[in-house]
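Each chain, written out:
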Amino acid sequence: MLMTEKEYNGILMDQLSLLEEIERVAKKADCKPVLEEIEFKRAQIYRKLYQKPPLISNEQ
């Protein structure tokens with residue numbers, strides 16, 4: 001089943017929300033390896049979220 005770009009962006013935003021929740025706990029525990037991994041994953045998500053041109057054409 002195909003999904004719209006809006007649905008895909010929603011999934012990416014949910015992933016960012018999960019990273020924020022994990023980051024909050026990692027900061028309290030001062031867990032640097034986890035914080036580094038969170039930054040790495042966040043960069044991957046941002047690349048997908050703000051991709052130019054969009055993954056899906058508006059002509060569909």
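Anything mentioned here points back to the structure above.
So, a few notes on the structure that sits alongside this text. Treat the numbers as computed from the prediction; the structure is a model and nothing was measured. (Residues numbered from 1 in each chain as written. Predicted model: local features only at pLDDT ≥ 70, side-chain atom pairs only at ≥ 80, totals over all residues. Heavy atoms only, no water.)

## Considering helix α1 (residues 5-28)
Point 1. Between its first and last C-alpha, α1 extends 35 Å over 24 residues, near the 34 Å set by a 1.5 Å rise per residue.
Point 2. Among the residues of α1, Leu12, Leu16, Leu19, Glu23 and Ala26 are the ones counted as buried.
Point 3. The secondary structure elements touched by the buried residues of α1 are α2 (32-49).
Point 4. Two residues or fewer past α1, Asp30 is found with a positive phi of approximately 50°. (Helix = DSSP H or I, 4+ residues; strand = E, 2+ residues; numbered from the N terminus. Expected span 1.5 Å × (residues − 1). Buried < 20%, exposed > 50% of the residue type's maximum accessible area, 1.4 Å probe, protein only. Contact = heavy atoms within 4.5 Å.)

## Examining the environment of Ile11
Point 1. Tracing the sequence through the fold places Ile11 in helix α1.
Point 2. Using a relative accessible area of 37% as the deciding quantity, one classes Ile11 as partly exposed.
Point 3. Along the sequence, Ile11 and Leu49 sit 38 residues apart, while their C-alpha atoms lie 9.7 Å from each other.

## Some words on α2
Point 1. Here α2 is 18 residues long and its end C-alpha atoms lie 25 Å apart, about the 26 Å a rise of 1.5 Å per residue gives.
Point 2. For α2, the complete set of buried residues consists of Ile38, Arg42, Ile45 and Leu49. Projection of α2 onto a plane perpendicular to its axis shows the buried side chains occupying an angular sector of 65°, all on one side. In α2, the exposed residues that point more than 90 degrees away from the buried face are Pro33, Glu36 and Arg47. (Arc of directions from axis to C-beta.)

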